[in-house]
Amino acid sequence: MGKTRLESLSEEQRDKLDMFAKLLTEHNERLNLTRIIEPEEIKTRHFEDSLAPLEMLREYQQNTDRLPALVDIGSGGGFPALVLAAVLPDWHIVSIEATGKKADFQQIVVEELQLMNAEVISDRAEEISREPEYRETFDFALNRAVGTVSLVAEITGGLVRRGGYFLSYKGPKVDDELKTGVKTLKIMGFDAPEQISYETSDEEAGDLRLVRAKKIKKTPDKYPREFKYIKKKHLGM
Ligand SMILES: C[S@@+](CC[C@H](N)C(=O)[O-])C[C@H]1O[C@@H](n2cnc3c(N)ncnc32)[C@H](O)[C@@H]1O
């Protein structure tokens, strides 16, 4: 394999990620942020994995004359949102996390790493998705390990501007999820999704894929529904 995504970062960016790993280890026992605690695993399974769309995001940035914005929902201990914020200083990065103590930890990371481009919101993504301030404003809406494509598409679809993208970090089970997910994405205003395989230097990581769909139409105002309805019956089922 050529240079890993981590090796291609600047020394300053790698120092920030080292500081992030230290904070994660220090706070993990009290907050139960992650089961991944070995330093090498934090590097590959959290940092390198979070950086999977880095080239795609850089390319998108080169083709826009605005400062781009990205939202990550259900970011837990800050993945992928704050890793991307540490290496993409020109992007405005919003991290939405429902559990208050995890969002508080992320705020500590933002302050310690001086991530001026990052904003942490302690709330449910479907609530923020209905807010006019955020509705249809993001170039990318990301999610990793939050729920099925259908569930996250309804929760985040309304946050994406036309021409922007839905992006989900997934594994081989996604083929099954996409049976309903494709329909949900269409209802939310997206084109048919594509799958992009990627690797990290963790040889046991298995089959890793990014699912990406482009927003081509405005999301109908009635979505997302309240969470109890989303959970009861996925859109597109
Ligand atoms: C399994 S963790 C994944 C954390 C992180 N994305 C990662 O990959 O390490 C899922 C997180 O999503 C959060 N979450 C679940 N539903 C959410 C929602 N509707 N809005 C915001 N956060 C949500 C949970 O609180 C939890 O921290």
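This one's a predicted model, so the numbers in the text were calculated from it and none came from an experiment.

### So, the sheet that holds strand S4 (residues 138-144)
Pairing is mixed in the open sheet, where seven strands are placed in the order S3-S2-S1-S4-S5-S7-S6. Unpaired on one side and paired on the other, strand S3 (118-122) and strand S6 (194-198) mark the two borders of the sheet. With direction set aside, neighbouring strand axes in the sheet form an average angle of 20 degrees. With five bridges connecting them, strand S1 (residues 69-73) and strand S2 (residues 92-97) associate as parallel partners. Bridge assignment links Ala69 to a residue of S2, and that residue is His92. Strands in contact with helix H7 (residues 149-156) are S1, S4, strand S5 (160-170) and strand S7 (208-214); relative to S5, the strand with the most contacts, it is inclined by about 150 degrees.

### Considerations on the site of the ligand
Taken together, 17 residues lie near the ligand, and Gly74, Gly76, Ala98, Ala125 and Arg144 sit nearest. Among the elements of the structure, S2 and helix H6 (125-128) are those that each provide at least two residues to the shell around the ligand. When grouped by side-chain class, the residues that make up the shell around the ligand number eight nonpolar, four polar and five charged.

### Focus on the nonpolar core
Leu70, Leu82, Ala85, Ala141 and Phe166 are the most contacted members of the largest nonpolar core, which has 59 residues in total. With seven residues, the top contributor of residues to this core is helix H4 (residues 81-87). Contact partners of Phe166, with chain neighbours within four places excluded, come to Ala141, Ala153, Thr156, Gly157, Val160, Leu185, Phe190 and Ala213.

### Things to note about the UniProt feature "binding site: S-adenosyl-L-methionine" (unreviewed entry) in the chain
Mapped onto this numbering, the UniProt entry annotates "binding site: S-adenosyl-L-methionine" (unreviewed entry) at Gly74, Phe79, Glu97, Ala98, Thr99, Ala125, Glu126 and Arg144. Within the element layout of this structure, Ala125 appears in helix H6. Classification of Ala125 by C-beta neighbours within 10 Å gives buried; the count is 27. Not counting residues within four places of it along the chain, the set of residues in contact with Ala125 comprises Ile73, Gly74, Ile96, Ile155 and Thr156. Along the polypeptide, Glu126 turns up in helix H6. Taking the number of C-beta atoms within 10 Å as the measure of exposure, Glu126 has 22 and is therefore buried. Excluding anything up to four places from it in sequence, Glu126 contacts Ile155, Pro224 and Phe227.

### Some points on the packing of helix H1 (residues 11-31) against helix H5 (residues 100-112)
Taken N-terminus to C-terminus, the directions of H1 and H5 make an angle of 155 degrees; their axes are 11 Å apart at the nearest point. Considering the angle they form, H1 stands roughly antiparallel to H5. Two packed elements cross with a definite hand, and for H1 against H5 that hand is right-handed. In this structure, H1 uses Met19, Phe20, Leu23, His27 and Leu31 to contact H5, whose residues at the interface are Lys101, Lys102, Phe105, Ile108, Val109 and Glu112.

### Regarding H7
Counting buried positions along H7 yields eight of eight residues, so the element is predominantly enclosed. All of the buried residues along H7 are Val149, Ser150, Leu151, Val152, Ala153, Glu154, Ile155 and Thr156.

### Some points on the packing of H7 against helix H8 (residues 174-187)
Here H7 crosses H8 at 30 degrees, and the two axes come no closer than 7 Å. In this view, H7 runs roughly parallel relative to H8, as classed from their interaxial angle. Residues Val149, Ser150, Ala153 and Glu154 of H7 touch H8, and the partners they reach there are Val174, Glu177, Leu178, Thr180, Gly181, Thr184 and Leu185. Grouping the amino acids of the contact of H7 with H8 by side-chain chemistry returns five nonpolar, four polar and two charged.

### Focus: the confidence of the model for the chain
Scored by pLDDT, the chain comes out at a mean of 95, with 99% of its residues at no less than 70. As scored by the predictor, the complex reaches a pTM of 0.96 and an ipTM of 0.99.

### Overview of the pairing of S7
Pairing analysis gives six bridges linking S5 to S7, with the strands arranged antiparallel. In the strand pairing of S7, Ser168 is matched with Val211. Relative to S7, S6 is paired through five bridges, and the arrangement is antiparallel. Bridge pairing links Ser197 to Arg209 in S7.

About the thresholds
Residues numbered from 1 in each chain as written. Predicted model: local features only at pLDDT ≥ 70, side-chain atom pairs only at ≥ 80, totals over all residues. Pairing = 2+ DSSP bridges. Helix = DSSP H or I, 4+ residues; strand = E, 2+ residues; numbered from the N terminus. Axes fitted to C-alpha atoms, helices over the stretch in contact; angles between N-to-C directions. Contact = placed C-beta atoms within 7 Å. Near = placed C-beta within 6 Å. Nonpolar A, V, L, I, M, F, W, Y, C, P; charged D, E, K, R; others polar. Core = buried A, V, L, I, M, F, W, Y, C linked by C-beta atoms within 7 Å. Buried ≥ 20, exposed ≤ 12 C-beta atoms within 10 Å, placed from the backbone. UniProt positions renumbered as here; feature names shortened; annotations may be inferred. Parallel < 35°, antiparallel > 145°, perpendicular 65-115°, else oblique. Left-handed = near helix turned anticlockwise from the far one by under 90°. pLDDT = per-residue confidence, 0-100.

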